[in-house]
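What the coordinates show
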Amino acid sequence: MLALGAAPIARLDVGVDHMRSAKGLLRVCLTADPDNFPACVDDADAITRTVPARAHAMRFEGLPLGTYAVAVIHDENSNAKLDTFAGIPKEGFGFSRNPVIRFGAPRFAAARFAVSGDANQQQITMRYIF
């Protein structure tokens with residue numbers, strides 16, 4: 001039972017599949033701010049995590065109900081950035097709802113999903129260009 005005036009909270013389970021290797025790290029950004037997706041750089045409310053690449057799942061607990069998007073980078077060489085060649089990612093990336101990727105990262109609207117109720121899930125398929 002919620003206390004009077006308390007905001008409902010929920011859990012989000014994120015799974016990651018189609019990894020090229022278990023080397024390096026997964027860098028994850030969960031945000032509700034369209035202006036800071038997918039980087040989460042200026043979003044004080046974003047939740048960022050860095051986990052070993054062999055961890056194919058993570059859980060976010062205590063989330064307020066709302067609309068979110070997730071971005072994942074497979075930082076295979078653990079250098080804390082997405083390596084590119086001529087602007088094209090050399091490392092893996094993925095987004096909630098697995099939107100079609102054309103030129104650049106998808107907009108928040110293409111990756112957004114609602115967190116409602118207690119348990120929510122997103123399964124992200126990693127993509128590699130090189």
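Residues numbered from 1 in each chain as written. Predicted model: local features only at pLDDT ≥ 70, side-chain atom pairs only at ≥ 80, totals over all residues. Heavy atoms only, no water.

Take the environment of His-74 next. Along the chain, His-74 falls in strand β5 (residues 66-75). By relative accessible area, which is 0% here, His-74 ends up buried. Through-space distance from the C-alpha of His-74 to that of Phe-130 is 13 Å; in sequence the pair is 56 residues apart. If we skip the residues at most four places from it in the chain, His-74 touches Met-19, Ser-21, Lys-23, Leu-25, Leu-26, Ala-53, Glu-91, Gly-92, Met-126 and Tyr-128. (Helix = DSSP H or I, 4+ residues; strand = E, 2+ residues; numbered from the N terminus. Buried < 20%, exposed > 50% of the residue type's maximum accessible area, 1.4 Å probe, protein only. Contact = heavy atoms within 4.5 Å.)

Simply put, disulfide is the name for a covalent bond between the sulfur atoms of two cysteines. With the rule as written, the count across this model stands at one disulfide. Across the disulfide, Cys-29 is cross-linked to Cys-40 (sulfur-sulfur distance 1.4 Å). Within this pair, whereas Cys-29 is found in strand β2 (residues 25-31), its partner Cys-40 is found in the loop between β2 and β3 (47-52), the two being separated by 11 residues in sequence. In terms of burial, Cys-29 and Cys-40 fall into one category: buried. (Disulfide = S-S within 2.5 Å.)

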